[in-house]
Amino acid sequence: MSDPIITMRGVNKWYGKYHALRDVNFSVKQGERIVICGPSGSGKSTLIRTLNWLEAHQEGTITIDDIELHPKMRKIDQVRMEVGMVFQHFNLFPHMSVLENLMFAPIWVRGLSEPEAREIAMTYLERVHIPEHAEKYPGQLSGGQQQRVAIARALCMNPKVMLFDEPTSALDPEMVSEVLDVMTELARDGMTMVCVTHEMGFAKAVADRVIFMDAGEIIEEADPHNFFDAPQNERTKAFLGQILQH
Amino acid sequence: MLYPDTVQRDPLVHKPKFIALTIFLSMLVFAAINLNGTIIGELMRPVIGEPSESGLFGRLSTGLVLGILFAVNIVLIGFLRFRWQVLVVWLELLALFLSFFYSFDLNFEFIRSKLWFMITQGVFTTLYVSAISIVLASIVAIFGAVAKLSSNGFAFAMASFYTSFFRGLPLLMQIYLIYLGLPQLGYVIDAVPAGILALTLCYGAYMTEIFRAGIQSIPKGQWEASRALGVQFGLTMRRVILPQSMPVIIPPTGNQFIAMLKDSSLISVIGVWELMFIARTAGAKEFKHMEMLITAALIYWILSICLELVQTRIERHFRTQSH
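Sequence order sets the numbering: in each chain, residues are counted from 1 along the sequence as written. The order in which chains are written sets their letters, starting at A; the order in which ligands are written sets their numbers, starting at 1. Totals for whole chains, interfaces and linings use all residues, but because this is a predicted model, local features are given only for residues with pLDDT of at least 70 and pairs of side-chain atoms are given and counted only at 80 or more. Side-chain descriptors were evaluated using all non-hydrogen atoms of the structure, hydrogens and water having been removed beforehand.

Residue and element names in this part refer to chain A. Secondary structure elements follow DSSP: runs of H or I no shorter than four residues count as helices, runs of E no shorter than two count as strands, and numbering proceeds from the N terminus. Here Glu 220 lies in strand E10 (residues 217-222). We call two residues in contact whenever any of their non-hydrogen atoms come within 4.5 Å of each other. In contact with Glu 220, not counting residues within four places along its chain, are Val 210, Ile 211, Phe 212, Phe 227, Ala 230, Pro 231, Gln 232, Asn 233 and Thr 236. Think of a polar contact as two N or O atoms within 3.5 Å of one another; within protein, one of them needs to be a possible hydrogen donor and the other a possible acceptor, and neighboring residues in sequence only count if both atoms come from side chains. A polar side-chain atom of Glu 220 sits 2.7 Å from the main-chain amide nitrogen of Gln 232. Of note is the side chain of Glu 220, whose polar atom sits 2.9 Å from the backbone nitrogen of Asn 233.

Across the contact, 19 residues belong to chain B and 24 residues belong to chain A. Buried area is calculated as the accessible area (1.4 Å probe) missing from two parts once they are joined, with the contributions of both summed. Interface area for chain B against chain A, summed over the two sides, is near 1900 Å², with a carbon-plus-sulfur share of 65%. Between Lys or Arg on one side and Asp or Glu on the other, a salt bridge is scored when a side-chain nitrogen of the former is within 4 Å of a carboxyl oxygen of the latter. Connecting chain B to chain A are 1 salt bridge. With a shortest N-O distance of 2.4 Å, Arg 49 of chain A and Glu 224 of chain B are connected by a salt bridge. For the side of chain B that touches chain A, the elements supplying multiple residues, two or more each, are helix H10 (220-228) and helix H11 (233-263) of chain B. With 8 residues, H10 of chain B is the largest single contributor of residues to the side of chain B that touches chain A. Charged means Asp, Glu, Lys or Arg here, nonpolar means Ala, Val, Leu, Ile, Met, Phe, Trp, Tyr, Cys or Pro, and polar covers whatever is left, Gly included. Its residues placed into classes, the side of chain B that touches chain A shows 7 nonpolar, 7 polar and 5 charged.

Moving on, we get to the pairing of E10 of chain A. All names here are of chain A. Being paired, for any two strands, means DSSP has found at least two bridges between them. Of the strand pairs in this sheet, strand E9 (residues 209-214) and E10 are connected by 5 bridges, and their pairing is antiparallel. Within E10, the position partnered with Met 213 by the bridge is Ile 218. The hairpin turn running from E9 into E10, its antiparallel successor, is 2 residues long, and Ala 215 in that turn takes a positive phi close to 50°.

This paragraph deals with the pairing of E9 of chain A. Residue and element names in this part refer to chain A. Residue exposure (1.4 Å probe, protein chains only): buried if accessible area is under 20% of the type maximum, exposed if over 50%, otherwise partly exposed. Across the 6 residues of E9, 6 count as buried, placing the element largely inside the fold. The side-chain alternation of E9 yields two buried faces, one formed by Arg 209, Ile 211 and Met 213 and the other by Val 210, Phe 212 and Asp 214. With 4 bridges connecting them, strand E3 (residues 33-37) and E9 associate as parallel partners. Looking across to E9, one finds that Ile 34 is bridged to Arg 209.

Shown next as structure tokens:
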């Protein structure tokens, strides 16, 4: 394994007086799959959103692929090009067809020609198993299909890291597995992934490490085997007790 | 929509109480208006005798007859389907208005002789001045809206001062200020550019708010999705945000255009040969004011109706496009 592609050191973040991230340290190596879980309001979404700086942090350092994120940086777009993000609510562009959604950034940001972008888009649509919907608009697709398009859209930029912010929480239950399957395949192919999710089955099967957060802090960090079978912290135990009950 | 109840009741206009009340009230109204001097009075002669000498009895009985006719009309229309009701009432009101205009004893020969010039010169000028102004105003509005949403204090201050000023002053005053004020600074400006400038600035200020609302109607997630792909601000605005705000922006902009079409009559005061100006000057020469004013009024009305039809189509287009 090579050098870490993501490092956070002593990161603190506040929303006004609310302390959203407390002294967060962690790093992700190339090819690693990290799952972050924790109760709502624990700061896990905030954490993942600071990784491509949709949210700014106030203290500490975040380094992505050797570029440090700070308020005066000029190269934030270059960082974001390398960091794909999948949102809870998909956030597809509703006025563009599926294909246009996928081709938009490769053409306008990467500067690819239209045929090149189209080829890449079709490749990734096939990888998420919906090439037949290329010409449709997001509004015509189910939630699961939309989320798979959103994954393909991020992949079209050929990112080095993929961030998933609760990708299955807005889906109807019967659509969760189709999205998780795509994510599992992506993990098998060696993509570096940071994933906020409550899907513990996915975490067990895919993650190299599971991180548990509460109240803006990383409480526990372990490989899935130890995390699920022998959690150390009381809060982790209580959380796992609650979500594994059902 | 008022979302009417599913229970079917007799329509209000078929209730005896309502009919009686309608007859009574409209009798009072018609009696107060006193139509005994018109042809209606003549028709009533067998009942009331000499109309001019029939007094209160004459007025009330004429009022009663007209009130009954009015109530019968309402009751009959109540039996029709919605579309037919609308059509019949429109036609009736139109006929009333036309007969009102007709009662001025208009000189139609005069109108016919001026009509072509009113259209080629007046309508043409009105339309192109309004069209140029709405396009320029939209451009002003985009910048105004972005500035007003900006976190840059300078931009926000400029934009809010601009909108406050141009929304706070009467348009007529802005027209004078630009046409008479700019030459004071050494820029002599023609009437047409001055008019276009005034309309642009005034409507740009109103439309800044429309564009601002349009941009704000797009959820934050769209910005974030675009940003997360490495897309820069300007491109996000052009390709992601503005196209989506169009369904929110276009309908009120259409209304602004229709309003501007009518407000452009104000630039007649600085001598732009648009419809209102032609109507006033052409009528003044031969003291046929009413002819020209009524003609111009009808032309404005027809133009507005046409534009409203166009606007409905555009709205429908945007609605289907955005699924």
